[in-house]
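# Structural description and commentary
Here is what each chain is made of, one letter per residue.
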Amino acid sequence: MMPSTEDPDTRPLFELIEVEKLYMVRRPGSMFSTAKVGLPALDGVRLKIRKGSSVAIVGESGSGKSTLLRVLLGLTRPTEGRALYQGRPIAEVRAEGRDFARQVAMIYQDARGSLNPRMTIAALIAEPLHHFAICPPAEVPARVRSLLARVGLPAEVASRYPAALSGGQVRRVAIARALASEPTVLVADEAVSGLDVSTQAQLLNLLRRLQREMALTLVFITHDLGVASYLCDDIAIMYLGRIVETGPTNAVLNAPAHPYARALRRAAPEFFEPITAPLPGEIPSPLDLPPGCRFSGRCDRVEPDCHLSDPALLRLGGPTPNRAAACFHPLADTPTVPHKRDLHA
Ligand SMILES: Nc1ncnc2c1ncn2[C@@H]1O[C@H](COP(=O)(O)OP(=O)(O)OP(=O)(O)O)[C@@H](O)[C@H]1O
Ligand code: SF4
Ligand SMILES: [Mg+2]
């Protein structure tokens, strides 16, 4: 595929264009049959991520957040559409060698599970330093000490094993490991969930400081709107494989345009509280989506035209730039701009 002709200085770092990911799964109700059907984990996803920006990916369980992350990391190839890094297909860039893996670091949700329990913390942090030949071997111990200090861990943890660390400390080790390769992009899947509020706040402060100091591009999956608002300038809200609203985080959360975004916001009345109240209605199976808009069965603004076709993610009018929603009847005074190409500009 030809590289993008966009100016390298202004083109997005990542761009997903009509990305679809189908997982082939057994047909429901056919326990003894091998017949398979395609489950659309991602369906027509469009997203641009600018260098140095911070983007939260938010949505209910099963909405496709982790699949989207896997596409960004080049671990999953889209079934349809294009997934680009600096204008080139991610899979192609990844296949070229270690540089992409060095630039784009991942913090896994299960931080403890991602660390070998038989390695000391020093060895775990040294591993990417050796793998990517970040510094001469003689300098590795000093680098490890400096990375530990950067994530706020005392030097004495270097000789311990993961089992001897608290949950918050283990997350810090995972962040130190991710930073070891001197990445420009940090991708995190629920990196602070399941921790007590004060540990979560410490880690969020750490991530925010690192993002600013190192000018990192941050892609952060969370189900917590408070975390999204604190950490990320931009937000992408997903519903059943689609991005249904994007824009500057606080503008979107203060005045959501998509009824689903509003429902999420209402389910989390206090920032820094995870979404606890269930949204109204049942989430449909991705194998049996309703005709037209996939949110129509749960939407309090549904109109007859919502059943006719699937709304595209269109740029919204209104005072805040760069907002887009996939809804025929968006909330707030933000009429959609009838412009086909320039989505989530
Ligand atoms: N390897 C797979 N094979 C088949 N289906 C899958 C696979 N991975 C994910 N799915 C399905 O794809 C959809 C999206 O899954 P995904 O893990 O991306 O959601 P998620 O938003 O990350 O959810 P959660 O918040 O629970 O982590 C779900 O319906 C899920 O069951
Ligand atoms: S398109 Fe219609 S059903 Fe879908 S979210 Fe908008 S108003 Fe609701
Ligand atoms: Mg997930």
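All figures in this text were calculated on a predicted structure; none of them were measured in a lab. (Residues numbered from 1 in each chain as written. Chains lettered and ligands numbered in written order. Predicted model: local features only at pLDDT ≥ 70, side-chain atom pairs only at ≥ 80, totals over all residues. Heavy atoms only, no water.)

### Quick notes on the site of ligand 2
Around ligand 2, a shell composed of 13 residues is seen, among which C293, C299, C306, C327 and F328 lie nearest. Each residue belonging to the shell around ligand 2 can be placed in one class, and the counts come to 9 nonpolar, 3 polar and 1 charged. (Near = heavy atom within 4 Å. Nonpolar A, V, L, I, M, F, W, Y, C, P; charged D, E, K, R; others polar.)

### Focus on the packing of helix α4 (residues 121-131) against helix α5 (residues 140-150)
Where α4 meets α5, the closest approach of the two axes is 9 Å, and the angle between their N-to-C directions is 110 degrees. One finds that α4 runs roughly perpendicular with respect to α5. The handedness of the crossing between α4 and α5 comes out as right-handed. On the side of α4, the interface is formed by I121, A122, I125, A126, L129 and H130, while α5 contributes V140, R143, V144, L147 and L148. Residues of the contact of α4 with α5, tallied by class, amount to 9 nonpolar, 1 polar and 1 charged. (Axes fitted to C-alpha atoms, helices over the stretch in contact; angles between N-to-C directions. Helix = DSSP H or I, 4+ residues; strand = E, 2+ residues; numbered from the N terminus. Parallel < 35°, antiparallel > 145°, perpendicular 65-115°, else oblique. Left-handed = near helix turned anticlockwise from the far one by under 90°. Contact = heavy atoms within 4.5 Å.)

### So, α5
Restricting attention to buried positions, one finds in α5 the residues V140, V144, L147 and L148. Looking down the long axis of α5, one finds its buried residues gathered within 100 degrees of arc, a one-sided arrangement. Facing away from the buried side of α5, by more than 90 degrees, are the exposed residues R145 and A149. Where α5 is buried, its residues contact α4 and α6 (167-180). Positive backbone phi, approximately 75 degrees, marks G152, located one or two places after α5. (Buried < 20%, exposed > 50% of the residue type's maximum accessible area, 1.4 Å probe, protein only. Arc of directions from axis to C-beta.)

### Overview of the pattern of salt bridges
When the charged atoms of two side chains with opposite charge come close together, those side chains can pair. Tallied over the full model, the rule gives 15 salt bridges. The residue R88 makes a salt bridge to E92 at a minimum N-O spacing of 3.1 Å. R323 serves as the salt-bridge partner of E245, at 2.6 Å between the closest nitrogen and oxygen. Remark: R323 occurs in the loop between β11 (314-315) and β12 (324-325) and E245 occurs in strand β10 (residues 242-248); sequence separation between them is 78 residues. (Salt bridge = Lys/Arg side-chain N within 4 Å of Asp/Glu carboxyl O.)

### Looking at the site of ligand 1
Around ligand 1, the structure places 13 residues, and the nearest of them are S61, G62, K65, S66 and T67. At 3.2 Å, a backbone N or O of S63 approaches an oxygen atom of ligand 1. Take G64: an N or O atom from its main chain is 3.0 Å from an oxygen atom of ligand 1. Calculation on ligand 1 without its partners gives an accessible area of 630 Å², and the protein chains cover 61% of this total. It is helix α1 (residues 65-72) that provides the largest number of residues to the shell around ligand 1, a total of 3 residues. (Polar contact = N/O pair within 3.5 Å; in protein donor to acceptor, adjacent residues only side chain to side chain. Areas by Shrake-Rupley, 256 points an atom, 1.4 Å probe, with all protein chains shown as cover.)

### Looking at unusual backbone geometry
The backbone phi angle of E182 is positive, close to 55 degrees, even though this residue is not glycine. By the secondary structure assignment, E182 is in the loop between α6 and β7 (185-189). Its relative accessible area of 39% is what places E182 among the partly exposed residues. Residue A215 is not a glycine yet carries a positive backbone phi of 50 degrees. The exposure class of A215 is exposed, given its relative accessible area of 54%.

### A word on the side chain of H258
With respect to the helices and strands, H258 occurs in the loop between α9 (249-254) and α10 (259-267). The class for H258 is buried, based on a relative accessible area of 1%. Contacts of H258, omitting those with residues within four sequence positions, involve V244, E245, F295, A326, C327 and L331.

### Considerations on the environment of F295
Position of F295 among the secondary structure elements: in the loop between α10 and β11. Under the relative-accessibility criterion, F295 is labelled buried at 4%. On a C-alpha basis, the gap between F295 and Y260 in space is 7.3 Å, while along the polypeptide they are 35 residues apart. Each residue touching F295, except ones within four places of it in the same chain, is listed here: Y239, H258, P259 and Y260.

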